[in-house]
Amino acid sequence: MASSDPYRPATGYPFVPNGMHYPPPPAGSAYPYRAPPPHQPTNPYSYNNQTYPNQRAIFLRRLIVALLIFTGIFFIILFIFWLVIRPHFPEFRVTSLSISNFNVSSSSSAVTGTWKARFQVSNPNKKMKISYDEIKTSIFYKSELLSQTMVPPFKQGKRNVSNFDVEYGATSSYIGGRTVSQINSDEGRGLVSFNLRIVADAALKVEGFWPRRRLLRVYCNDVEVGISGNGGSGNLTGGATRCSVYA
């Protein structure tokens, strides 16, 4: 006969406390609950693997960018300056050339004569003045030098036209037998061509800017002079001759 003592501990399986029922554990499971994750030991020497930027590389990149910007601004200003100023080389012309006492000796292969030339120089620039210094000019027959001389310095204002005279002289200057034959042949037809050269140190000045110096080279080719048979004299034919200017 079962005991009716309410304080007697319960025996048998399963024991349900307070009348609550739990499902039995799955078959083959020794522990009915999920195992906690394994404990990760703390490394006392661990460090942050964050990379820091190279300060030197950043400085170089910034320097290169600054130089590129500065160079771009400089060329933009230079281009604007060129658009505003539009500098042009001066224009040279031979407006007069005469010769006197012209004589070519076949025996000594020498030439004697006096040439007087007038040059016209035009400054086409609206905002630029030009100064000419150390002006050297020469006269040739083809590539044979006959005479050379210096010209006093001069200045030109804006849109100015100037003239200067040059006198060349040769006294028994040696020129070679082949050149003598060519000149005599030209004299026979009454027309001799000469080449005139000018080299000048020019300063191009714009108000508010430092002057820019250029070495001008002027070539006046095939300036024809009609020579008469008497006295070896003659003058320019065909009008003014325009010269080529290089710098």
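Everything here concerns the structure above.
A few points on the structure. (Residues numbered from 1 in each chain as written. Predicted model: local features only at pLDDT ≥ 70, side-chain atom pairs only at ≥ 80, totals over all residues. Heavy atoms only, no water.)

**Observations regarding the state of the cysteines**
- Applying the stated criterion to the full structure yields one disulfide.
- One disulfide in the model links Cys 220 with Cys 243; its S-S distance is 2.0 Å. Of note, the bridge from Cys 220 to Cys 243 carries an S-S torsion of about 100 degrees and is right-handed in sense. On the criterion of sequence distance, the pair formed by Cys 220 in strand 8 (residues 212-227) and Cys 243 in the loop between strand 10 (241-242) and strand 11 (244-246) is long-range, its members being 23 residues apart. In this structure, Cys 220 and Cys 243 share a single accessibility class: buried. (Disulfide = S-S within 2.5 Å. Helix = DSSP H or I, 4+ residues; strand = E, 2+ residues; numbered from the N terminus. Buried < 20%, exposed > 50% of the residue type's maximum accessible area, 1.4 Å probe, protein only.)

**Section: the nonpolar core**
- Counting 44 residues, the largest nonpolar core has Leu 97, Trp 115, Phe 119, Tyr 132, Phe 194 and Leu 196 as its most contacted members.
- Of all the secondary-structure elements, those providing two or more residues to this core are strand 1 (91-105), strand 2 (110-122), strand 3 (129-141), strand 4 (144-151), strand 6 (161-174), helix 2 (177-188), strand 7 (191-205) and strand 8.
- It is strand 7 that provides the largest number of residues to this core, a total of seven residues.
- Look past the residues within four positions of Leu 196 in its chain and what remains in contact with it is Leu 97, Ala 117, Phe 119, Ser 138, Ile 139, Tyr 168, Val 218, Tyr 219, Cys 220 and Val 223. (Core = buried A, V, L, I, M, F, W, Y, C linked by side-chain atoms within 4.5 Å. Contact = heavy atoms within 4.5 Å.)

**Concerning the pairing of strand 2**
- In this structure, strand 1 lies alongside strand 2, joined through 12 bridges in antiparallel fashion. Along strand 2, the bridge assignment pairs Phe 92 with Val 121.
- Note that strand 2 and strand 6 share 12 bridges and pair antiparallel. Bridge assignment links Phe 119 to a residue of strand 6, and that residue is Phe 164. (Pairing = 2+ DSSP bridges.)

**Quick look at the side chain of Asn 195**
- Position of Asn 195 among the secondary structure elements: in strand 7.
- Here Lys 142 takes part through its backbone oxygen, which lies 3.1 Å from a polar atom of the side chain of Asn 195.
- Excluding residues within four positions of it along the chain, Asn 195 makes contact with Ser 138, Ile 139, Phe 140, Lys 142, Cys 220, Asn 221 and Asp 222. (Polar contact = N/O pair within 3.5 Å; in protein donor to acceptor, adjacent residues only side chain to side chain.)

**Description of the packing of aromatic side chains**
- Summed over all chains, the structure comprises nine aromatic pairs.
- Summarising the aromatic geometry, the rings of Phe 74 and Phe 75 are spaced 5.6 Å apart at their centres and angled 75 degrees between planes, so their arrangement reads as edge-to-face.
- Since its relative accessible area comes to 46%, Phe 74 is described here as partly exposed.
- Ring centres of Trp 115 and Phe 194 lie 5.9 Å apart, and the angle between their planes is 75 degrees; on these two criteria the pair is classed as edge-to-face. Here Phe 194 lies in strand 7 and Trp 115 lies in strand 2, a separation of 79 residues in the sequence.
- Among the aromatic residues, those joined into a cluster by ring pairs are Phe 92, Phe 119, Tyr 132, Phe 154 and Phe 164.
- Against the face of Phe 140 rests Arg 197, its NZ or CZ located 5.7 Å from the ring centre. (Phe/Tyr/Trp six-rings, centres within 6.5 Å; stacked < 30°, edge-to-face > 60°. Lys NZ or Arg CZ within 6 Å of the ring centre and 35° of its normal.)

On their own, these measurements won't tell you what the molecule is for.
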